[in-house]
Structure formats: structure tokens, C-alpha cells
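Read off the chains here:
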Amino acid sequence: MSELRTPLTAWHEAHGAKMAPFAGWLMPIQYEGILAEHVHTRQHAGLFDICHMGEFRIEGPGADAALSRAVSHNLQTLAPGKCRYGFLLNEQGGVLDDCIIYRFAQDTFMVVVNAACAANDFAVLRERLPQGVALADISEATGKVDLQGPESLDVLESRIGQNMHHLGYFGFCETTWQGVPLLISRTGYTGELGYELYVPAEQTEAFWETLLVDGRVKPVGLGARDTLRLEAGLPLYGQDLDADHTPTEAGMGRMLTSTAAYIGREGAARAQEMLVPLRIEGRRAARHGDVVALPDGTAVGRVTSGSFAPSLGCVIAFAWVPAAHAGATDFTVRAARAALSARRVEIPFYTQGTARKKL
Amino acid sequence: MAANPQALLYSKTHEWTRIEGDEAVVGITDFAQESLGDITYVELPAVGDRLDVEKEFGSVESVKAASDLVSPVAGEVVAINEALENAPEACNADPYGKGWLVRVKLAAKPEGLMDAAAYEAHCAAER
């Protein structure tokens, strides 16, 4: 099977990235190394090719009310120029995808979805939205790069020559760069101050290179994206979130503030299992699929994501555990080569992130 | 890629062996560290443990993968590289030097290992 290529795939190959398939796309896993890229993002600024993710535009009379019934996002309190994280749920309240919704105007939105879910999300949304509401897949025409790290604001302002201090967390604005439309969103997936940047696909490489002119910026692959997001306590759809689990089980019940009669609303509060954050001292990693047991040896759950955490110097993980046991403090993870003692902790695992920094 | 030193012997499972009299030093090759990526954990045997040819004697983990260490020699472990406990990245930075794994008192002369040229051909075939 041949993988899809982003507007930047040729750039990655020409710059020596290790490439691998991800969600049907050929993506850069690392350039100089996962640890170096992880640390660089925490200290300076990392640039990520996120063109594989899907973008849909939704507009037309009644779009606001119709979308409110299709997704869990609270759109009642979402002002134009703001975006919000939430879920596309099935009838039972299971998570079909997690996505960010941008509001441009009363009845004009953009939904940004996971690459692996994009086709199904589109079909589900089309079915849930009335014919008078237009739903357009603009993924192919849209390039997306994420600039993340404490120095990302300085870099962005100096490279595009515009002040961006006015953008608060989960705020966005539409501007231009060299005459090209540019959407700047103060969001990300690393726990650091950062921006998700949307440009037309054909200008993505030129924009990417413009940002890299600044010596504080390095390209970062999906390997470090995964360790950064895990340290920040952010779930990855397909591992930590799936259609068999609800937002409440994933620890996101407090986000379910929408009062609209959205699909899956009743089931979304269901909690049979809980996604438990675990900390393991030492360097031996727990990994996806490892069994989680109580101290008495009873197997109760399984690891969804696990990794050595470069910024913490220990191992961190998420695991599904039955709600009845989710309050326990101590667990054992049966890793491939050893039993590891794990302690339940709070997220974010890494608490020094700059994402919410007041500017 | 660092060149594979001519003086070493190599196994198909990407460990190197340096014979020093009746002892041998064992590590992982540059090809191995490059394939694994950033190494975050190395599990080594204890001093006094017995290694057997083609038997597992520890493991190496990177951010994305974990792999068994397979012994190219038979003998008793007389020293381990304790610095790797807190600095396993030495296996990436200097696989033939500071990233060494164990020193073994040989029970028998190693057999069936490759020289650098044969090992490079083996790696080329795996790529």
C-alpha cells in the first residue's frame, strides 16, 4: 500500500528524516532524534508537519444549531475567534473522534479532526447535518504546521511581522502572510505555548521554510510529538480514546457543558472504566497493551500509552482500569520483561508547560 | 553512521565483540543504535552471571522500541558498564566506546562471528 504524502513529505525526505506510515500517511518520525527534538520544543520552538489531519468547513443557515446537536462541544458559549476541544460521539456516548471546532461567525465553523478518523467523521457529520448546511472537506487544500515551544510567539511575530500577543489560549485569527491566507490558532498538542498554523497547501513548504529561518526553530517529528503530548496528559485517539469509551471515562466529563440535545449526550456520562494516569519510577517503559494489575496480582486493566518521559526522567502511562479500582493508588504493570510498580498521579504529568501562559 | 571498527567481531543480531586476551568486551553496533533510535534504558546482567552464545543477556529500550541483547560469546560477566544506568544515551553517542555493555571472561573461543566487511554486507541486506 502506498501512503499519502503531505505537501512537506519531499522536504522531510530531503532533510534526512526517518519516515514511517501513520494513519495512512508517510510522516516524519524524527530528524536528529526524539529526545533532542522533545527537549528543544520544551526549551525553544519545534515545528511539526500536521498536514495529515483533516479539516472540514461547515456553514449555512442553521449551522450553529445543527452542529450543536452533532458534537459534544458547547457552542452556546463559543464566540467568533475562539475554538474549543470536544468530541464526536456515537449514539451510546462512545468517542468516534476528538476534534477542535473553530467558530468564524454565527453559522460558520471549521472542524479539525484526526487523520485516521477523517473519512468516517465526514460521513457521520454529513448524516447528522441537514442538507441546508454545507459540509466541505477542505483537508487537501489546507496545509497545517504547528509551531510549539516557549519561544514560538517571538518566532512567529518576527517571521510574519505581526503582533500576536492579543491571542489568548484557544483564540485564533485570520491574517495573511505575503498575501497568502494564514489562520493562526493558539492551540497545540505539547503543553507548551504554541500555535497551529493553517495555510493553503501549495504555500505550506514556503511557509515552513520561512519559520525555519529562525535559528530557534527545529523540525520535530511524530516521535517527540507523542512524548510531548503524553507528558502534557493529552490523550491520543485510537490509543487512549476510542468508540468503546466515553469522555467521562477518559476523565473529560467536566468538558461536557453543552446544554444542546447532542447525539450521545446521555451515554457520555457513563463510566465503567477510567483512564488512569500512572507514574513508574526508573527508565523501563510500560507500553501499549501491557496488563495492569492490583498489588495483590489481580489483573484489572491495560496500558493505552506508555513511554519514558524525557522531561521527567521517569516512565509515565495511561491505562484503562475498571471504575471500581480507579481510586487505587498503587498498581503493577506487567511489562514485556519485568513487573513495574506504578502509582496513580494527576495530569498533566509535566507541570512546567507554558501553554496557558498569560502574554 | 560511524564506521565499524576493523578490529571487532560482529554478530547477526548486531552485537560487537572485542577480544582482549581471555576476555571479551561486548556492545551493540552503530547499526543497532541507529535502528533503535534514542536509547532510554539498558538492562544488563550482574557481575558473575554466565552468558551463553546466542542467548539473551539483557535488553535495550528506546523511546519507540525494545530489543533483546543476544550474547555473541560464552563466559562469565566480570564487569558491566554501570554508567549506562543513568546515561544509556552513551550507546547512541559512542556505541564502540563509552557505550560498551559487558566484559566477559571467555569460556571458549568465539566462533561464527563476522569481520567488519562481512557485517557491513549483512547490514546492507537488512536495510
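Residues numbered from 1 in each chain as written. Chains lettered and ligands numbered in written order. Predicted model: local features only at pLDDT ≥ 70, side-chain atom pairs only at ≥ 80, totals over all residues. Heavy atoms only, no water.

## Focus: the overall build of chain A
And step 1. Broken down by element type, chain A carries seven helices and 19 strands.
And step 2. Against the compact-globule benchmark of 21 Å for 359 residues, chain A has a radius of gyration of 20 Å, which places it among compact chains.
And step 3. If one aligns the C-alpha atoms of chain A with their principal axes, the spans along those axes are about 65 × 50 × 45 Å.
And step 4. Counting only residues that meet the buried cut, chain A has 58% of its 359 residues in that class. (Helix = DSSP H or I, 4+ residues; strand = E, 2+ residues; numbered from the N terminus. Rg over C-alpha atoms; globule rule 2.2 N^0.38 Å. Buried < 20%, exposed > 50% of the residue type's maximum accessible area, 1.4 Å probe, protein only.)

## Some words on the sheet that holds strand β18 (residues 330–334) of chain A
Hydrogen bonds between backbone groups are what pair the strands of a sheet, and the pairing can be parallel or antiparallel.
Residue and element names in this part refer to chain A.
And step 1. If you trace the six strands once around the closed barrel, you get β14-β17-β16-β15-β18-β19, paired in antiparallel fashion. Here the average twist between neighbouring strands, direction ignored, is 40°.
And step 2. Here strand β14 (residues 273–280) pairs with strand β17 (residues 314–322) via eight bridges, running antiparallel. Along β17, the bridge assignment pairs M274 with V321. (Pairing = 2+ DSSP bridges. Axes fitted to C-alpha atoms, helices over the stretch in contact; angles between N-to-C directions.)

## With respect to the interface of chain A and chain B
A common measure of how large an interface is: the accessible area buried when the components associate.
And step 1. Contact residues are listed per partner, giving 16 residues for chain A and 20 residues for chain B.
And step 2. Of the roughly 1,400 Å² buried between chain A and chain B on both sides combined, carbon and sulfur atoms contribute 44%.
And step 3. Here E61(B) and R287(A) are joined by a salt bridge, their closest N and O atoms 3.2 Å apart.
And step 4. Connecting chain A to chain B are 13 residue pairs in polar contact (both at pLDDT 80 or more).
And step 5. Residue assignment for the side of chain A that touches chain B shows that the elements contributing at least two residues are α2 (34–43), α7 (222–231) and β16 (299–309) of chain A.
And step 6. Residues belonging to the side of chain A that touches chain B are distributed by class as follows: five nonpolar, five polar and six charged. (Contact = heavy atoms within 4.5 Å. Buried area = accessible area lost by both parts, 1.4 Å probe. Salt bridge = Lys/Arg side-chain N within 4 Å of Asp/Glu carboxyl O. Polar contact = N/O pair within 3.5 Å; in protein donor to acceptor, adjacent residues only side chain to side chain. Nonpolar A, V, L, I, M, F, W, Y, C, P; charged D, E, K, R; others polar.)

## Focus: the pairing of strand β7 (residues 66–70) of chain B
All names here are of chain B.
And step 1. One ladder, built from five bridges, connects strand β6 (residues 56–62) with β7; its direction is antiparallel. Bridging from a neighbouring strand, G58 pairs with L69 of β7.
And step 2. Joining the antiparallel neighbours β6 and β7 is a turn of three residues.

## Points about α2(A)
And step 1. In terms of residue burial, α2(A) counts as a mostly covered element, since seven of its 10 residues are buried.
And step 2. Considered for burial, the residues of α2(A) that qualify are I34(A), L35(A), E37(A), H38(A), H40(A), T41(A) and R42(A).
And step 3. The inward-facing, buried residues of α2(A) contact β2 (25–30), β3 (45–49), β9 (142–148), β13 (217–219) and α7 of chain A together with β4 (39–43) of chain B.

## A word on the state of the cysteines
Disulfide: a covalent bond formed between the sulfur atoms of two cysteine residues.
And step 1. Going through the model one piece at a time under the given rule, you end up with zero disulfides over all chains.
And step 2. Of the cysteine sulfurs around C117(A), a residue in no disulfide, the closest is that of C99(A), at 9.4 Å. (Disulfide = S-S within 2.5 Å.)

## Quick notes on the packing of aromatic side chains
Residue and element names in this part refer to chain A.
And step 1. Tallied over the full model, the rule gives 12 aromatic pairs over all chains.
And step 2. Note on W11 and Y31: the rings are 6.3 Å apart at their centroids and 65° apart in plane angle, and the pair reads as edge-to-face. Remark: Y31 occurs in the loop between β2 and α2 and W11 occurs in helix α1 (residues 9–14); sequence separation between them is 20 residues. Across the pair, exposure class does not vary: W11 and Y31 are buried alike.
And step 3. For the pair Y102 and F172, a centre-to-centre distance of 5.0 Å together with 75° between the ring planes defines the contact as edge-to-face. Taken together, the positions of Y102 in strand β6 (residues 95–105) and F172 in strand β10 (residues 172–177) put the pair 70 residues apart, joining distant regions of the chain. (Phe/Tyr/Trp six-rings, centres within 6.5 Å; stacked < 30°, edge-to-face > 60°.)

## Notes on the sheet that holds β4(B)
Residues and elements named next belong to chain B.
And step 1. With antiparallel pairing, the three strands of this open sheet are ordered in space as β4-β6-β7. Each of the sheet's edge strands pairs with one partner strand only, and the pair in question is β4 and β7. Between one strand axis and the next, the sheet turns by 20° as a mean value, whatever way the strands run.
And step 2. As judged from the four bridges shared by β4 and β6, these two strands associate in the antiparallel manner. Opposite Y41, over in β6, you have E61 as the bridge partner.

## Description of the environment of D49(B)
Residues and elements named next belong to chain B.
And step 1. Among the secondary structure elements, D49 is positioned in the loop between β4 and β5 (50–51).
And step 2. We classify D49 as partly exposed; its relative accessible area is 33%.
And step 3. As for D49 and V77, which are separated by 28 residues in sequence, their C-alpha atoms are 5.5 Å apart.
And step 4. When residues no more than four places from it in sequence are discounted, the contact partners of D49 are G75, E76 and V77.
And step 5. Within the structure, the side chain of D49 is placed 3.0 Å from the backbone nitrogen of A46, a separation counted as a polar contact.

## Remarks on the domain arrangement of chain A
All names here are of chain A.
And step 1. Domain parsing of chain A yields domain 1 (9–52 + 140–231), domain 2 (55–131) and domain 3 (272–344).
And step 2. Between the C-alpha centres of domain 1 and domain 2 the distance comes to 24 Å.
And step 3. Each partner contributes to the interface: domain 1 provides 14 residues, whereas domain 2 provides 14 residues.
And step 4. Between domain 1 and domain 2, the buried area comes to about 1,100 Å², and carbon and sulfur atoms account for 65% of it. (Domains from an automatic or database assignment.)

## Remarks on the pairing of strand β9 (residues 102–106) of chain B
Residue and element names in this part refer to chain B.
And step 1. Alternating residues of β9 divide into V102, V104 and L106, all buried, and R103 and K105, none buried.
And step 2. Two strands pair when backbone bridges link them, and strand β3 (residues 23–28) and β9 are joined in this way by four bridges, in the antiparallel orientation. Residue pairing in the sheet places A24 in a bridge with V104 of β9.
And step 3. When strand β8 (residues 75–80) meets β9, the two strands line up antiparallel, connected through five bridges. Each bridged residue has a counterpart across the sheet, and for I80 the counterpart in β9 is V102.

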